Amino acid sequence: MGGTSSKLPKDLLSEYQELTFLTKQEILLAHKIFSELQGRENGPYGSRVSMEKVLTLPELKSNPFRKRICHVFSTSDMKDGSLSFEDFLDLLSAFSDSATLEIKSHYAFRIFDFDDDGTLDGRDLEKLVNCLTGETDDTRLTAEEMRQLISNILEESDIDKDGTVNLSEFQHVISRSPDFVSSFKIVL
Amino acid sequence: MELEEFNNHVYQDYPSTYDSQHSLRLRTVPAQDTSAVHFDWASQPKDAEDSDEPRNLRELPLHMGLKKAVRQVQQMRAPVVSSSWNIRQSQTFRRFCEVAKNILGYLVLWKRGIQMIGGHFGGGVQSYFFFLRFLVILNFLSSLLIIGFVLIPSIVFRSITFNSTIALTFNLTGKETCLEYDPKPDALMVFYTYFLDLVSGTGFMEYSYLFYGFYNNSLILSNGFSYNIPLAYLFTAAFYFLFCLICMIIRMGGTARLVVVTGRGAAGGYSMQVFTGWDHGLQGDRATKLKQNNLRHRLKVDLEEEKIKKKAASLTLGQTVSLYSLRVFLHLVVLVLIGATFYGIAQATQFSQSRETTGFEGLLLQYLPSMVITASNFVVPLLCDKIALLEKYSPSTTVILALLRAVFLRLVSLGVLLYTLWEQITCKGVRENCSPCDYNHDQYKCWETRVGQEMYKLTLFDFLITIATLILVEFPRRIVVDHCSSKLIQWVGRQEFSVAPNVLALVYSQTVVWTGALFCPLLPIINTVKFIFFYYCKKITLFQNCQPATRNFRSTTSNFFFLLVLLFGWMLSSMVLLYSVAKIHPSYGCGPFRFYTAMWEVVPGAIKMLNGTSKEFLFYVGSQKFSIPLFIFSCVLLCYVSALMSVYGKSVALLKSQCKLEQRDKQFLVRQIEELNATMQKEQCEPQQPQREPESFFHTETQWNQHYNYAFEPNEDPRPY
């Protein structure tokens, strides 16, 4: 508060405006919220915030994909999902109003790729469906239904019939959905 | 060039798993690679325009560190580009666009509120509020139009002149009775008649700017400035309709394109549900759990539907016949129900129009048509829902059918009301019955005002019913559910905000306003205020009383459907406008069109007063020499656009099959390489059998020829030795 609040330098602000889809107000708001997460007012924005702290944000707290989102956007060497301020801006940029369909579908694919092998195979799809329906035992689909669902999904979207969904096939499915851009949105 | 070096450098650090240039090399998939770059830099043109580069930077799916490095590289390259004046100009223009976008972001109405609603209740409910906001803005802009061109001139001219300056060249013998119209109220009024008049539009309200009857047919001519009030009135009404049509079409354009591109656009396959099903804007555990329940429910229902369909395909002939006959019977039942409603509305309108009582009884009588319409709009859809359960359609078909029936009911019941009014005003269309005034003068001394009053009453009643439902039904329901723990009450549960009936209510109100705008010019203003009230009331009830819907509602195709229904309403009201402007004789005693045989007559009269060239131009535009070529041209344009659409569809199918072929080729070639490697290794162990290789070579060559895929030269020997 007052004199000790750290301000984002103007040149960094304009650089971030160029490199992300966020507006000036959104970047400043993100800076404020990130500083609060760090717990210090004028901490250097080069330091990282741990994943647990990031997941206390109300926008991410109940999202079933929250851990995957942190892992995808984190550039930490220790692969612990911690986010720097620039990672945080990348996250908000990909989830913002003006991000393009290509960016959103690219990051959606990486979020759904639970084992990070570049394709969505049956195991990834099963984990994805469990996230969508709920993790507890009484909210999952039965094994039979899951099998039927996964085979239907692969039949519909696996164009080259290699048993997995790659990025282009994923983007093809996404491009036919008119609601994706508006549902892949997180606004602070 | 440094870009190429950087290209290679990037490839070495972040090996891509699916780069097309190295497709034949068998690569082990790196399991730990979290920052795989899927961006083919080679595809970027070397001389990219400067204005594209910042956009391209944002669109790179890289993290910030890499993007900064790319930016540095691009900035180092920049001095090579020719004119710096161009760069500076495009940069300032871009900055101006961003500032303008920021400012416009502040001006958007209710942006934060609707965002919060979307976060807690999902996209379906949010689409209702987007629709409401669109209607508020539409009504506000049209009321500005009407105020500017009709209301303010009327006020100004009324205070200046008092005589109508249009020459009375009409023969009025025998029509003195038609001129009788005395709506001025008594000077002394009891208090409750004041309230009754306010609510029913009679008494002191009748002879005011609210209704058609108050406006004069003044034509002001003063040194070079002329203003023809009747012409302004008519043209403002016409432009109001055109303006609404253009706004709706513009809004539909974007959604229509999406619907066409995505094919049927309806319930989309399983992959669409799973990949695009989650709404990341949702906040809070309750909303998340509900969304998860929702998704699970839909997936289970779809999987079960598939099983049922497989079973239904195996129904016996007898069962299919009985199912179809049941459906036909239920359709007939629904039609009978709707027909009975229409009859009831017609009777109620006739009854209320033919009696003239005062006091509270009179008020009830006047509101009788509105009450019947509202009651039927409430009861009949409930019955239709119960009937739909028996029809055993798939869930998606049931929803669409229910919506279509509700739309039909609402709009056509309004049409029945208008038809009954028309019957009474024009004595069932037979002019002779209505002498001497060509309209029913005994009942309707000023029929336009009466029609305006009916629309005014419908609007007001709709508003009152919504507020009353809010206060008397929804709040008590929540209080009961929260404090009483009996099983029955908990099973009924909190109110669910169902989107479709609410949207249809909005469409109905807007259609009423459009129909009444010619006869009650201030109705759009009243409607703007009413819809603003609706926004705040619905928002309050949403957050206080409602739970998120368990049944999902696809936002974008539904948006298109809402606008389509609104368009139907517009067409209904424009038919009413055209008919009353062209065919029915305006009242003699009131309004700006008295003494004309039809409202339209103002326009030819005004055209006669124009000078020569304008008259010739207008005659030319209206003639066949102009309209037939225009018609042919628009036909050609239509054919061109539909041909383009089919070509795009075909090219999509072609690209899909090409994709399949390429992958098959890839797999085949990989298998070939494995085989050749195996034979090579075998050969190294057993060098005595060279005959098998030429056979396999010829075999593979014929197979390549079959594929017509000359990735290599056909004569090239793929073996490395």
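For chain B, the name recorded in an unreviewed UniProt entry is Transmembrane channel-like protein, with Cirrhinus molitorella as its organism. The UniProt entry for chain B carries this comment under Subcellular location (unreviewed entry): "Membrane". What the UniProt record of chain B gives under Sequence similarities (unreviewed entry) is the line "Belongs to the TMC family."

(A) The packing of aromatic side chains, seen in detail. Applying the stated criterion across every chain yields a total of 35 aromatic pairs over all chains. Consider the rings of F131 of chain B and F562 of chain B, whose centres lie 5.8 Å apart with planes at 50 degrees: the pair is tilted. Separated by 431 residues along the polypeptide, F131 of chain B in helix α6 (residues 123-160) and F562 of chain B in helix α19 (residues 555-582) bring together distant segments of the chain. On the basis of relative accessible area, F562 of chain B is assigned to the buried category, the value being 3%. A ring pair is formed by F531 of chain B and F534 of chain B, whose centres lie 6.0 Å apart and whose planes are at 40 degrees; its orientation type is tilted. Taken together, the residues span about one helical turn, with F531 of chain B and F534 of chain B both in helix α18 (residues 523-545) at a distance of three residues. As far as burial versus exposure is concerned, F531 of chain B and F534 of chain B are alike and both buried. Among the aromatic residues, ring-to-ring pairing joins F65, F109, F112 and F170 of chain A together with F275 and W278 of chain B into one connected group. Positioned over the ring face of Y324 of chain B is R327 of chain B, at 5.5 Å from the centre of the ring. One residue, R410 of chain B, lies across the ring of Y508 of chain B, its end atom 5.3 Å from the ring centre.

(B) Focus on the interface of chain A and chain B. With 71 residues of chain A at the interface, the matching set in chain B holds 61 residues. Taken over both partners, the interface formed by chain A and chain B buries close to 6200 Å², and the fraction arising from carbon and sulfur atoms is 57%. When the buried surface of chain A facing chain B is broken down by residue, E18, L19 and L132 of chain A rank first, second and third, together holding 11% of it. Between the two partners, chain A and chain B, sit five salt bridges. The salt bridge partner of E18 of chain A is R71 of chain B, with a shortest N-O separation of 3.0 Å.

(C) Spatial organisation of the nonpolar core. Counting 110 residues, the largest nonpolar core has F129, F131, W447, W514 and L566 of chain B as its most contacted members. In contact with F131 of chain B, not counting residues within four places along its chain, are V503, L506, V507, F562, L563 and L566 of chain B. Counting residues in hydrophobic clusters, the runner-up holds 73 residues, among them L12, F21, A94 and L149 of chain A.

(D) Structural context of the pattern of salt bridges. Inspection of the entire model under this criterion finds 13 salt bridges over all chains. D115 of chain A is the partner of R123 of chain A in a salt bridge, and the nearest nitrogen-oxygen pair spans 3.5 Å. Given the relative accessible area of 55%, R123 of chain A is considered exposed. The salt bridge partner of E145 of chain A is K300 of chain B, with a shortest N-O separation of 3.8 Å. Taken together, the residues span two chains, with E145 of chain A in helix α9 (residues 143-157) and K300 of chain B in helix α10 (residues 285-312). Here K300 of chain B falls in the partly exposed class, since its relative accessible area comes to 29%.

(E) Layout of the side chain of T459 of chain B. One can find T459 of chain B in helix α15 (residues 447-483). In this view, T459 of chain B contacts V512, L523, N527 and K530 of chain B; residues no more than four positions away in its chain are not counted.

(F) Looking closely at a positive patch on the surface. Taken together, the side chains of K161 and R176 of chain A together with K656, K660 and R664 of chain B define a basic patch exposed on the protein surface. The exposure class of K656 of chain B is partly exposed, given its relative accessible area of 35%.

(G) Inspection of the packing of helix α8 (residues 122-133) of chain A against α9 of chain A at higher detail. All names here are of chain A. Across the interface, α8 lies against α9 with an axial gap of 10 Å and an inter-helix angle of 115 degrees. Crossing hand, α8 versus α9: right-handed. Between α8 and α9, the contacting residues are G122, L125, E126, V129 and N130 on the first element and M146, L149, I150, I153 and L154 on the second. Looking at side-chain class alone, the contact of α8 with α9 contains seven nonpolar, two polar and one charged residues.

Reading the values: rules and limits
Residues numbered from 1 in each chain as written. Chains lettered and ligands numbered in written order. Predicted model: local features only at pLDDT ≥ 70, side-chain atom pairs only at ≥ 80, totals over all residues. Heavy atoms only, no water. UniProt positions renumbered as here; feature names shortened; annotations may be inferred. Phe/Tyr/Trp six-rings, centres within 6.5 Å; stacked < 30°, edge-to-face > 60°. Helix = DSSP H or I, 4+ residues; strand = E, 2+ residues; numbered from the N terminus. Buried < 20%, exposed > 50% of the residue type's maximum accessible area, 1.4 Å probe, protein only. Lys NZ or Arg CZ within 6 Å of the ring centre and 35° of its normal. Contact = heavy atoms within 4.5 Å. Buried area = accessible area lost by both parts, 1.4 Å probe. Salt bridge = Lys/Arg side-chain N within 4 Å of Asp/Glu carboxyl O. Core = buried A, V, L, I, M, F, W, Y, C linked by side-chain atoms within 4.5 Å. Patch = residues over 30% accessible without salt bridge, like charges linked within 9 Å, V, L, I, M, F, W, Y side chains within 5 Å. Areas by Shrake-Rupley, 256 points an atom, 1.4 Å probe, with all protein chains shown as cover. Lys, Arg positive; Asp, Glu negative; His and termini not counted. Charge placed at Lys NZ, Arg CZ, Asp CG, Glu CD. Axes fitted to C-alpha atoms, helices over the stretch in contact; angles between N-to-C directions. Left-handed = near helix turned anticlockwise from the far one by under 90°. Nonpolar A, V, L, I, M, F, W, Y, C, P; charged D, E, K, R; others polar.

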